[in-house]
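# Commentary on secondary and tertiary structure
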Amino acid sequence: MSRMITAAERIKRARLLIQEARDYPVPSRGGKYDLSYMAHVRGLLREAKDLIKFIPATPSATAEMKVEVKNIMEEIAQAGHEIFKG
């Protein structure tokens, strides 16, 4: 049976995944429009989002956590735009 991951640990892991998506090397062939590159980066961003999306609905979530989750969700969207359109 897997152990529960705390909300703070989920937030920390989500930030690491966002950074990993930003740091993922762009392939020389196809550039940022290479399908495998796009799939991998989007997968990392989706995983980050999935880690934190239910934190605001938990009864133990504080107001600060909810604000932090909202900021991370915005950061995920911004990272996607920067990586693919920037």
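Reference entry: report on the structure contained in this document. (Residues numbered from 1 in each chain as written. Predicted model: local features only at pLDDT ≥ 70, side-chain atom pairs only at ≥ 80, totals over all residues. Heavy atoms only, no water.)

### Quick word on the pattern of salt bridges
- Summed over all chains, the structure comprises 6 salt bridges.
- For Arg-15, the salt bridge identified is with Glu-68, shortest N-O distance 3.5 Å. On the criterion of sequence distance, the pair formed by Arg-15 in helix H1 (residues 7–23) and Glu-68 in helix H3 (residues 63–85) is long-range, its members being 53 residues apart.
- Given the relative accessible area of 30%, Glu-68 is considered partly exposed. (Salt bridge = Lys/Arg side-chain N within 4 Å of Asp/Glu carboxyl O. Helix = DSSP H or I, 4+ residues; strand = E, 2+ residues; numbered from the N terminus. Buried < 20%, exposed > 50% of the residue type's maximum accessible area, 1.4 Å probe, protein only.)

### Description of the environment of Ala-8
- Inspection of the secondary structure assignment puts Ala-8 in helix H1.
- Looking at Ala-8, the relative accessible area reads 49%, which means it is partly exposed.
- It is 13 Å that separates the C-alpha atoms of Ala-8 and Phe-54, two residues lying 46 residues apart in sequence.

### Thoughts on helix H2 (residues 35–52)
- A rise of 1.5 Å per residue sets the reference length of H2, with its 18 residues, at 26 Å; its end C-alpha atoms lie 26 Å apart and thus fit the reference within 8%.
- Where H2 is concerned, the buried positions are Tyr-37, Met-38, Val-41, Leu-44, Leu-45, Ala-48, Leu-51 and Ile-52.
- If you follow the buried residues of H2, they end up packed against H1 and H3. (Expected span 1.5 Å × (residues − 1). Contact = heavy atoms within 4.5 Å.)

### A short note on the environment of Arg-15
- By relative accessible area, which is 35% here, Arg-15 ends up partly exposed.
- Excluding residues within four positions of it along the chain, Arg-15 makes contact with Glu-68, Ile-72 and Glu-75.

### A short note on the packing of aromatic side chains
- Under the definition given, this model contains 2 aromatic pairs.
- Their ring planes at 70° and their centres at 6.3 Å tell us that Tyr-37 and Phe-84 sit as a pair that is edge-to-face. Here Phe-84 lies in helix H3 and Tyr-37 lies in helix H2, a separation of 47 residues in the sequence.
- With a relative accessible area of 3%, Tyr-37 lands in the buried category.
- Members of the aromatic cluster, each reached through a chain of ring pairs, are Tyr-24, Tyr-37 and Phe-84.
- The ring of Phe-84 is capped by Arg-42, whose NZ or CZ atom sits 4.6 Å from the centre of that ring. (Phe/Tyr/Trp six-rings, centres within 6.5 Å; stacked < 30°, edge-to-face > 60°. Lys NZ or Arg CZ within 6 Å of the ring centre and 35° of its normal.)

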